[in-house]
Every structure is written in structure tokens, then in C-alpha cells.
Amino acid sequence: MQPKIYTHSKNQLLPVGLLLVSLVLVYFSYLPGLTAAMQFDTEHNLRALGSVQDFDSALRYVFTGVAGPLGRPLALATFIVDAAAWPAQLSQLIHTNVLLHLVNGLLVAWLSFLVVRMHTGSQRQANWIALITASIWLSSPLLASTSFLAIQRMTSLASIFMLGGVVSHLSIRRSMSNRPYLGLCLLSVSLVLFTICAGLSKENGLLLPVLILTTELFLLTRPGEVKRVHWRLWVTVFLVLPLVAIIAYLGARWGYSEAVVYRRGFTAGERMMTQAVVLWEYLFNALLPSTHRVGPFHDNYPVYRSLVSFNVLVSTLGWAVLMSLGVLFRKKVPMLGFAVFWFLGAHMVESTVVPLELYFEHRNYVPLVGVFLAVSHGVYSLAIKVTPIVTFGVVAYILLSLFLLLRLSTIWGNPSYASDYWLEHNPDSLRATMHQSEVLLANGEVGAALMHMDLSRLTNPDHSAYIGIFSEYVRCAAGAGRTNDEGLSRIASQLPSASFYPSLPSQILLMTRERVERFCSSYSLDSLYELSKSALANPAYHSHVESRHTLLSAMALASRGGRPFDAMRSYEDALRVRHNPRLLGQLVSLYIELQEFERGCRFLKEMRAFKPTNVYLRSVWSDGISGYEAAISESFSGEC
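Now for a quick tour of the structure. All of these numbers come straight from a predicted model, not from anything done at the bench.

The helix and strand inventory of the chain stands at 30 helices and 0 strands. Taking 2.2 N^0.38 as the reference for a compact globule, 640 residues should give roughly 26 Å; the C-alpha atoms of the chain span a radius of gyration of 27 Å, in line with that estimate. A burial count over the chain gives 52% of its 640 residues as buried. Taking the contacts inside the chain whose residues are at least 6 apart along the sequence as the reference set, 75% of them involve residues at least 24 apart. Where the 50 positive side-chain charges of the chain centre and where its 41 negative ones centre are 15 Å apart.

Structural data, given as C-alpha cells:
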């Protein structure tokens, strides 16, 4: 017996209307959070957005991204829309993110409709399951950080291409009966294009073939018009081989170097054990949402180091059991296997051996689609028997999620309250600690910020050096309290054995720049040089390319005035680590100033041998070298 709401054809439009209502409610639930503060690496990745003035500067910005191995140019391109608002109006960037979230919600509904329609043949069932799935996904508090962290537009844009790729695949599958082999060609083109676009938005977008393979194996059957041998060949080439390539890539990342272990604090095996627990926690927080368990700060998540520890053992066995049940009952309960393998497949890159941080909520943006679709399918099946109770439960659950989303959005939108709230629920998080200090400084409460940091150095001894550097910088910049080289010397003595913190090198470089520009003259440039040198003695910083480049740049800047040849050596070392056109220009001016023309020509020849893989960057780099060679040649009337 069908639920009561299916007894009349006029009700077929009702799910569409309710989906629009859901979209509107979600949009207004997100609005209080538009005033959220800047977090994490948003400033680092979008710093160059302010320099976009014309087409050439826009190209330079789009194709010089450093957020991932592929540069993520498509995601960076979307920020140009909001370039005029950066950085003063962060709310505009977040608003664009919210709109992209709504677009993804529509794609979730469309994907769910197509999956259920092709799996069961029932349009009515597909309508209502699509509505429930999209409404739960859109209102999930666990996914809110994807929109409120401006830089996570990379996640939401990659998701548009991933979900759009699955929708495109299913749509072509439905319409290929008349010309099946043309359909196979279209499937191939669609998969390649959407995968490339998703990968150029964020690297885990390359998992699109894995998601389509999961859908095909658990919910769909071979197109009857295509011969079995041809279909198997297509699946092998376009779906299985990409999966094998991804597994091979992950296998190659298994052996962490000693420096990576030192920097991250875990081995590949320990990360895998920890992720087994993390994935269950993601599911728990997604299905049973709560505002105090979600938020941006999880850098204090514990590392599990033993396979026989209770949490690891239970979690690992739990996933093994679920995967086995999904395969064993693939015919009887296909949605179970689909949900499990979609969730785990979408987590393959960020939640296995790649040495990323352990816990981020936005990693669930695509993985939860399969989970919520399976839950909605189960709810619908149950509704056939007990319609009123289940219908009330579904509505209550969605309304509760919306309420919690609104509550969470209100927290994000009030940075002062949010910093207190997050630190209260994550007292061991260094990021939460430093974020509260930054909020206090933004509110002009310098004394309170300094007191907070002094206390934090006692409660976070592993990161005392970084907190101390930031504290000394604030004291000097704000003229709050006495500062001198002695304080920096004490910190420098801690740096060779200090725990890794990614912001430390950039903080030292900032202090050095401000000292050179005489905004803060309480420290000598020699003490800042020694600070960078001490940090480089730490294997965690020395082995990290970005950190080493930044620290060598700071050393060059600190020594340029009094020890120009030391500066020259530091510039050269920094450029061998990372090829930076701006830094090369500073070095060339130093060559000319010191009349080291031959040395300059030799180094430029060395730099010309570097060939960026990016075509645009290769052209920019080559033209820059030619310009610098011409400048040196003109200075000594010779040929460089």
C-alpha cells in the first residue's frame, strides 16, 4: 500500500514545491553567518585576489595557485567574481558560497531522483526520496563550515562538477536505448570533462569515476542495448582503471619520510587507524547533529597508535562488517552497499594515507550524499507501513536540523561569541586559542589578548614558541609592554625542537618586513635573522618546502641591509626551494647593487633551466628571466 500522499496525480508537484521551500529555509538559515571571521588559509590562498585589475592579472592569479598539486585554477577563477569585495567584505564571498551550496542541493535532489527512478522504476518514489535526501543534506549542520570558510568554495565547486558528472552520466544512461554506442561515446566525453573540471577545482574531484562505479555496481544494470563485452570494456577503461590508478597513488604515499612524521605527528599506519575512528564520528555527527560537536577547530584530535586499542579495533571491525554486508546483500539490500562504498570511496583521498590533517568537516560534503540517500530510501520504505508516524518524524528531523543550522549560523556570524564558544568546547585546540587572541585584537582588547596568549603558552607547551612569537609581535606593533632581542633569543632557543605550526614561518617573515619598514624597531634585524635560522634547524620546518622558502626569504630580508652577501646567499637558497618571480627580482636588484654581474648571470642561467609544468607559468617565468638578464647586461654593458 502506497503512502496517502501518492493517491492523487495532482500531488506529483508537491515534492517540487516543498524542495523550493526547503531551499528558501536553508538560505535564510545561513544568512546570520555571513559575517563570519576569516579562518585558516583563506588569507594565504586569496591574498593575490586584491591585485586582480585586468585580464593579465586575472590570469596570473588563476594559474599561480598553491592550494593543491593542480593549483585549482577553476576554483580560483570563481573568486574573481568577488574580487572587488576582497578582503574588506568577506561576507560577499561567503554569500556566494551559500548560493553554490543551494546549487549543490538541487544537484543532490536531481541525482537522487535519477538514481531511484532508474533503480526502482517508480517516479513517485523518486520524487519523495529526492526531496527528503536534498532537504537533509542541505540543512546538515556538519556541512555548514564548507560555506562559512570562504576558501572552501574549492570544495563546493568541485562538488558541483562531481554531482553534475553523476547526473550527466545517469541522464545519458536513461536516453541511450535508441543509439547505444553513441551513448557510450557521450558517457566517455561526459566523464572525462566533468572529472577534469572537478579535479581542477579540488583534487578529490578526481574521485568522480569511483562514485559512478559505485552507483553502477550496486544500483544499476547493464544497458540492454549494449553487448556485455563492450559494456565491461567501457567500465574497465573509464571506471575501474581510474580506481586502480588512485589506489596505486595512495599506495605510493604510504611510506612517510621522517620529516613528514615529525611535522604531522603520525605515521601512515597511525593515520589510517585514526581515520577509521574519524569516519564513524563523521557519521555520528551527521545523523545526530549538535552545534557543540561541530565547528572549524579539530586540530587537537587524538592520534591512535595501536590497532588493538578499543576505538580503533571496534571502528575497523565495524567498517569491515559493513563492507562485507554491503557486498553479500548487494541484491537484497543494494542501498546498504551503495551508501557504504559511496561514503568510503568519496573519502579515499582525504581520509586515507595522504598526510593531511586528521579532521575537517567539509570533507563530508560529497560522501554524505550517498548516506542520506540510503537513509531516505529506508525511511520511504518504512513510510509505506506507518505513514503518519514516519512522515512526522522526517519533518521533525528536518526542522530540527534547520534550527540547529540557524543556531550554528548565528554563532559563526558573531566572531566574538564564536571564539569563546569554540574555545570552551575545544580547550586543547591551539587554533581555537589563537583565533580568540586574533578576535580580541580585532576588537582592540590588546591587553586581554596578550594575557590570553601568556596563559596559552603554559597550557600549550609544545607550541610555546609560536605563541611567543605572535605575542612579541603584538607587543611591539601595539606598543604594549617592553620588547627586546632577549625575548626573541629565548624563543629562538626553543625553535629547533618545537612542534610544527604552519603559520610560524609567515609570522617571522611578517615581523621581519615590519622591522625593515621601521613599523616595529624594538628588535634588531640580527635577532630576526637568528630566529629564522633557528626555525630552519628544526627538521619539520626545514623539510617543508613552503616553510623553508618563507624562512630563507625572511633571512634574506633581515640581512640585506647590513650583510648583503649573506642576503644574496639566502635569496639564492630560497629560489632553489621555490621559484618565485617577485623574489628573483629582489635578488637581481641586489646583484646590480653589489656589481655581482657574473654571479647574477650564472644564477639566472640556473633558474632558466627550471621549466614549470603550467604553460602560463612557464611563459611568465621565461619572460621574467629574459627581462632580468637584460637588466644585468645593461648595468655592466656586457652580455648576460
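To continue, consider unusual backbone geometry. The omega torsion across Trp86 and Pro87 is -5 degrees, close enough to zero to call that bond cis. Backbone geometry at Gln595 places phi at a positive 60 degrees, although glycine is not the residue there. The class for Gln595 is exposed, based on a relative accessible area of 60%.

Looking now at the pattern of salt bridges. Counted under the stated rule, the structure contains 18 salt bridges. Here Asp82 makes a salt bridge to Arg153, at a shortest N to O gap of 2.8 Å. On the criterion of sequence distance, the pair formed by Asp82 in the loop between helix H4 (73–79) and helix H5 (90–120) and Arg153 in helix H8 (residues 153–174) is long-range, its members being 71 residues apart. With respect to burial, Asp82 and Arg153 carry one shared label: buried. Among the salt bridges present, the one from Asp573 reaches Arg576, with a minimum N-O distance of 3.5 Å. Here Asp573 and its partner Arg576 are both found in helix H27 (residues 564–577), 3 residues apart, which amounts to about one turn of the helix. Judged by relative accessible area, Asp573 falls into the partly exposed class, the value being 31%. A single salt-bridge network, built from bridges that share partners, covers Asp526, Arg563, Asp566 and Arg569.

Here we take up the packing of helix H9 (residues 180–199) against helix H11 (residues 228–252). Following both chains from N to C, one finds H9 and H11 inclined at 10 degrees, their axes separated by 11 Å at the closest point. In terms of their interaxial angle, H9 and H11 are classed as roughly parallel. When H9 is examined against H11, the residues Tyr181, Leu184, Leu187, Ser188, Leu191 and Val192 are found in contact with a partner set consisting of His230, Trp231, Trp234, Phe238 and Leu239.

For Phe218, the position within the fold is in helix H10 (residues 208–219). Relative accessible area serves as the criterion here: at 10%, Phe218 is assigned to the buried category. Placed 160 residues apart in sequence, Phe218 and Ala58 show a C-alpha to C-alpha distance of 44 Å. Excluding anything up to four places from it in sequence, Phe218 contacts Gly326, Arg330, Pro334, Gly337, Phe338 and Phe341.

Inspection of the entire model under this criterion finds 1 disulfide. The disulfide partner of Cys601 is Cys640, and the gap between their sulfur atoms is 2.1 Å. Its S-S torsion of about -135 degrees marks the bond between Cys601 and Cys640 as left-handed, since a negative value means left-handed. Taken together, the positions of Cys601 in helix H29 (residues 597–608) and Cys640 in the segment after helix H30 (615–636) put the pair 39 residues apart, joining distant regions of the chain. For Cys601, a relative accessible area of 14% gives the class buried.

Its place among the elements puts Arg582 in helix H28 (residues 581–594). Accessibility expressed as a relative area gives 46% for Arg582, which makes it partly exposed. On a C-alpha basis, the gap between Arg582 and Gly624 in space is 9.6 Å, while along the polypeptide they are 42 residues apart.

Moving on, we get to the nonpolar core. Membership of the largest hydrophobic core comes to 131 residues, with the highest contact counts inside it found for Leu111, Trp137, Phe343 and Leu368. When residues of this core are assigned to their parent elements, the largest contribution, 14 residues, is made by H5. Among all residues touching Trp137, those that are not within four sequence positions of it are His101, Asn104, Gly105, Val108, Leu143, Tyr365, Leu368, Val369 and Phe372. Counting residues in each nonpolar core, the second largest holds 60 residues, with Ile491, Tyr501, Ala556 and Tyr571 among its members.

Quick look at the environment of Val446 now. Considering the arrangement of structural elements, one finds Val446 in helix H20 (residues 446–459). Its relative accessible area of 21% is what places Val446 among the partly exposed residues. Between the C-alpha atoms of Val446 and Ala478, which are 32 residues apart in sequence, the distance is 7.6 Å.

Geometrically, a pair of aromatic rings is defined through the distance of the ring centres and the angle of the planes. Across all of its chains, the model carries 21 aromatic pairs by this definition. Centre to centre, the rings of Phe218 and Phe341 are 5.3 Å apart; their planes meet at 25 degrees, and the pair counts as stacked. Of this pair, Phe218 sits in helix H10 while Phe341 sits in helix H15 (residues 334–346), and the two are 123 residues apart along the sequence. For Phe341, a relative accessible area of 23% corresponds to the partly exposed category.

Packing of H27 against H29 brings their axes to within 11 Å, and their N-to-C directions diverge by 10 degrees. Here H27 lies roughly parallel to H29, going by the angle between them. Along its contact with H27, which presents Phe565, Met568, Arg569, Glu572, Leu575 and Arg576, the element H29 presents Arg599, Phe603, Glu606 and Met607. For the contact of H27 with H29, the per-class residue count stands at 5 nonpolar, no polar and 5 charged.

Summarising the element assignment, Ser315 is placed in helix H14 (residues 310–328). Relative accessible area serves as the criterion here: at 7%, Ser315 is assigned to the buried category. Not counting the four nearest positions on each side in its chain, Ser315 is found in contact with Ala276, Val277 and Trp280.

Cut-offs applied
In this numbering scheme, every chain counts its residues from 1 along its sequence in written order. Local features in this predicted model are restricted to residues whose pLDDT is 70 or higher, and side-chain atom pairs enter the listing and the counts only when it is 80 or higher, whereas totals over whole chains, interfaces and linings include all residues. The basis for the side-chain values is all heavy atoms of the structure; hydrogens and waters are excluded. Only DSSP runs of H or I with at least four residues qualify as helices, and only runs of E with at least two residues qualify as strands; both kinds are numbered from the N terminus onward. Based on C-alpha atoms, the radius of gyration is set beside the globule rule, defined as 2.2 Å times the residue count to the power 0.38. Exposure is judged per residue with a 1.4 Å probe applied to protein chains only, and the accessible area is read against the type maximum: over 50% gives exposed, under 20% gives buried, and values in between give partly exposed. In what follows, residue pairs with any heavy atoms lying within 4.5 Å of each other are defined as contacts. Think of it this way: Lys and Arg go in the positive column, Asp and Glu in the negative one, and His and the chain ends go nowhere. Note on charges: their place is set at NZ of Lys, CZ of Arg, CG of Asp or CD of Glu. Salt-bridge detection follows one rule: a side-chain nitrogen of Lys or Arg within 4 Å of a carboxyl oxygen of Asp or Glu. With axes taken as lines fitted to C-alpha atoms, and helix axes fitted only over the stretch in contact, angles between N-to-C directions fall between 0 and 180 degrees. Here roughly perpendicular refers to angles of 65 to 115 degrees, roughly parallel to angles under 35, roughly antiparallel to angles over 145, and oblique to all remaining angles. In this description, the term disulfide denotes a pair of cysteine sulfurs within 2.5 Å. In these notes, a set of buried Ala, Val, Leu, Ile, Met, Phe, Trp, Tyr and Cys residues joined through side-chain atoms within 4.5 Å is what counts as a nonpolar core. Centres within 6.5 Å are what make two rings of Phe, Tyr or Trp a pair, Trp counting through its six-membered ring; a difference in plane orientation under 30 degrees is then read as stacked, over 60 as edge-to-face, and the rest as tilted. Classification convention: Asp, Glu, Lys, Arg as charged; Ala, Val, Leu, Ile, Met, Phe, Trp, Tyr, Cys, Pro as nonpolar; all other residues, Gly among them, as polar.

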